There are 2 protein chains.
Amino acid sequence: MSTDKREHILTEAEKLFAEKGFDGTSVRDIAHNAGVNLAMISYYFGSKEKLLESLIELRAGYTIGILEELNKDQTLSPWDKIERLVEYYVNKIITNIPFHNIMHQQALNARSVEIKDLIMSIKLRNVEQVRKIFTDGLQKGVFRQVDIEMTMGSIMGTISQYTISRDFGCRVLHIEQTNEETYRAELAIRLKAHLKQLLKAHLGIKDGEK
Amino acid sequence: MSTDKREHILTEAEKLFAEKGFDGTSVRDIAHNAGVNLAMISYYFGSKEKLLESLIELRAGYTIGILEELNKDQTLSPWDKIERLVEYYVNKIITNIPFHNIMHQQALNARSVEIKDLIMSIKLRNVEQVRKIFTDGLQKGVFRQVDIEMTMGSIMGTISQYTISRDFGCRVLHIEQTNEETYRAELAIRLKAHLKQLLKAHLGIKDGEK
DNA sequence: TTGAATTAAACAAACGTTTAATTAAAATAT
DNA sequence: ATATTTTAATTAAACGTTTGTTTAATTCAA
């Protein structure tokens, strides 16, 4: 079983799940779009649900390492780390919108306990790393007293808001709906600028402060 | 055809759609939970999809009036209006989590053009009303220069973040998972306090300023 | 007695998965 | 190197359910 073909099927499934939802996508859809026989899905992954698990495990592996490195870095000030965090998260989600879409829909309505637990563990692990950055800044007195969990929610929620539905984003943000690439680029720029300004004020960072 | 029974079916469908998703809920599920015969769904609503449209129209009618009134009110300062807006949105979503969940999943993956358009028009109408509050505050020089659309995204996104998945919210916010009511109450309090603090700093409102 | 409400049964289509047969590739023996 | 055996990959077809919707008969209320 070639890894190439496995990943190709997962990539095609990712597109379909993101567009039509997990339940709205049939195994025949996936097989047809990937150009493989229907039975190969069960042969490779065991079931449609296991295929989703495989996809999540494939895509979610990368993130946690980056956050751990960011936390370890002693040369960066707490505010520097927040800026890096914003840059990283915006880039990551913008370049993986379909997968982020799937995670979102499964967080909403996953009926499989395995999927629920998998997503929960991934999200909690990331949350703990981000929380460290905030508690560190608070302890050092660099940040104003804030609700850390809610502030994390604002970061993730803001990014999700316009990435999830492009049609809505285009209409509200007044971006030409023609090109997918230009939309992403413009969205990333505005998200980063906005979140930095928002968090700087919220955390009470003075201009020019390190 | 009694309106009571119609609304009863819609309420039961709402619960199921929120829990298992639109595609994950069968018409037989709905009929069984509502205690009516399977054929009554088609008889009342025409189809499963039309049922969803009916549900959205039933629930979404209320919001826009409140926002229009808020905008008209000449006695309130721009910042007062923002505070009212936060109060209103948090209350509205917290007390209608299942419906909000459905709107969210349909914004992600709706395959029906009618549903897509319906949701888009509802969201855009609300966005325009909220935008007015911000542009008003900016023109009067009460608010700092900010990205209005992104700021609106932060408000909606923050509220969505923990309302969408209660399991996740409980784990991150350290709220006992036992009682649904206490979770909602606690979440509402923290959301309102956080959003007011966040927006006050972001918009550059001085303490004690009206 | 007329029209609406309700029912059980049936409909064809689509679903995820499995089967059994066939082809391709790899491993082993000659 | 060639032939043979063994394993893996791929296929078309079928499996039994479940899906949303409709039908035709029956009950209920006006």
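The shown structure was predicted, so the numbers you read here are calculated from the model rather than taken from an experiment. (Residues numbered from 1 in each chain as written. Chains lettered and ligands numbered in written order. Predicted model: local features only at pLDDT ≥ 70, side-chain atom pairs only at ≥ 80, totals over all residues. Heavy atoms only, no water.)

(A) Quick look at the overall build of chain A. Across its full length, chain A holds eleven helices and zero strands. The order of helices and strands in chain A, counted from the N terminus, is α-α-α-α-α-α-α-α-α-α-α. Taken over the C-alpha atoms alone, chain A extends approximately 60 × 35 × 30 Å along its principal axes. In chain A, buried positions account for 54% of the 210 residues. Taking the contacts inside chain A whose residues are at least 6 apart along the sequence as the reference set, 67% of them involve residues at least 24 apart. A gap of 1 Å separates the mean positions of the 29 positive and 29 negative side-chain charges of chain A. (Helix = DSSP H or I, 4+ residues; strand = E, 2+ residues; numbered from the N terminus. Buried < 20%, exposed > 50% of the residue type's maximum accessible area, 1.4 Å probe, protein only. Contact = heavy atoms within 4.5 Å. Lys, Arg positive; Asp, Glu negative; His and termini not counted. Charge placed at Lys NZ, Arg CZ, Asp CG, Glu CD.)

(B) Examining unusual backbone geometry more closely. You will see that A:His174, though not glycine, has its phi angle at about 55°, which is positive. In this fold, A:His174 is placed in the loop between α10 (166-173) and α11 (180-203).

(C) Spotlight on the domain arrangement of chain A. All names here are of chain A. In terms of domains, chain A is made up of domain 1 (3-56) and domain 2 (61-203). The gap between the C-alpha centroids of domain 1 and domain 2 is 27 Å. The interface of domain 1 with domain 2 comprises eleven residues on the first partner and 14 residues on the second. When the two sides are added together, the surface that domain 1 and domain 2 hide from each other amounts to roughly 1,100 Å², 66% of it contributed by carbon and sulfur. The interface formed by domain 1 and domain 2 holds one salt bridge in total. For the pair domain 1 and domain 2, the number of links is five residue pairs in polar contact (both at pLDDT 80 or more). Every element with two or more residues in the side of domain 1 that touches domain 2 is listed here: α1 (3-20) and α4 (48-60). (Domains from an automatic or database assignment. Buried area = accessible area lost by both parts, 1.4 Å probe. Salt bridge = Lys/Arg side-chain N within 4 Å of Asp/Glu carboxyl O. Polar contact = N/O pair within 3.5 Å; in protein donor to acceptor, adjacent residues only side chain to side chain.)

(D) Inspection of the packing of aromatic side chains at higher detail. A complete count under the given rule lists twelve aromatic pairs over all chains for this structure. Here A:Tyr162 and A:Phe168 contribute two aromatic rings whose centre-to-centre distance is 6.1 Å and whose plane-to-plane angle is 15°, an arrangement assigned as stacked. On the basis of relative accessibility, which here comes to 5%, the residue A:Phe168 falls in the buried class. A centroid spacing of 6.0 Å and a plane angle of 40° characterise the contact between B:Tyr43 and B:Tyr44, whose relative ring orientation is tilted. Looking at B:Tyr44, the relative accessible area reads 12%, which means it is buried. By the ring-pair criterion, three or more aromatic residues cluster together here, those being A:Tyr43, A:Tyr44 and A:Phe45. Between A:Lys123 and the ring centre of B:Phe168, over which it is positioned, the NZ or CZ distance is 4.0 Å. We note B:Lys48 situated over the ring of B:Phe22; from NZ or CZ to the ring centre the distance is 4.5 Å. (Phe/Tyr/Trp six-rings, centres within 6.5 Å; stacked < 30°, edge-to-face > 60°. Lys NZ or Arg CZ within 6 Å of the ring centre and 35° of its normal.)

(E) Main features of the relation of the copies chain A and chain B. Superposing chain A onto chain B takes a rotation of 180° plus a shift of 0.0 Å along the axis, which leaves an RMSD of 0.0 Å. What the rotation and shift describe, once combined, is the action of a two-fold rotation axis. Within chain A, A:Gly157 has its C-alpha nearest the rotation axis, a separation of 1.9 Å. Interface overlap between copies is the fraction of interface residues in one copy that are interface residues in the other; for chain A against chain B it reaches 100%, indicating a shared surface. (Least-squares fit on C-alpha atoms with pLDDT ≥ 70 in both.)

(F) Structural context of the interface of chain A and chain B. Each partner contributes residues to the interface: chain A has 50 residues there, and chain B has 50 residues. Of the roughly 4,400 Å² buried between chain A and chain B on both sides combined, carbon and sulfur atoms contribute 62%. If you sort the residues of chain A by the area they bury against chain B, A:Leu108, A:Met150 and A:Phe168 come out on top, with a joint share of 15%. Our count for the contact surface shared by chain A and chain B stands at four salt bridges. When the shortest N-O distance is used, the salt bridge between B:Glu149 and A:Arg190 registers 3.0 Å. Here chain A is connected to chain B by 21 residue pairs in polar contact (both at pLDDT 80 or more). Among the secondary structure elements, those contributing two or more residues to the side of chain A that touches chain B are α1, α7 (97-109), α8 (113-139), α9 (148-163), α10 and α11 of chain A. Top element by residues in the side of chain A that touches chain B is α9(A). It accounts for eleven residues. Among the residues forming the side of chain A that touches chain B, the class breakdown is 20 nonpolar, 18 polar and twelve charged. (Nonpolar A, V, L, I, M, F, W, Y, C, P; charged D, E, K, R; others polar.)

(G) Spatial organisation of the nonpolar core. Among the nonpolar cores identified, the biggest contains 82 residues, and A:Phe134, A:Tyr162, A:Leu203, B:Phe134, B:Tyr162 and B:Leu203 are the most heavily contacted of them. When near neighbours in sequence (up to four residues on either side) are disregarded, B:Tyr162 contacts A:Glu149, A:Met150, A:Met152, A:Gly153, B:Phe168, B:Gly169, B:Val172, B:Leu173, B:Tyr183 and B:Leu187. (Core = buried A, V, L, I, M, F, W, Y, C linked by side-chain atoms within 4.5 Å.)

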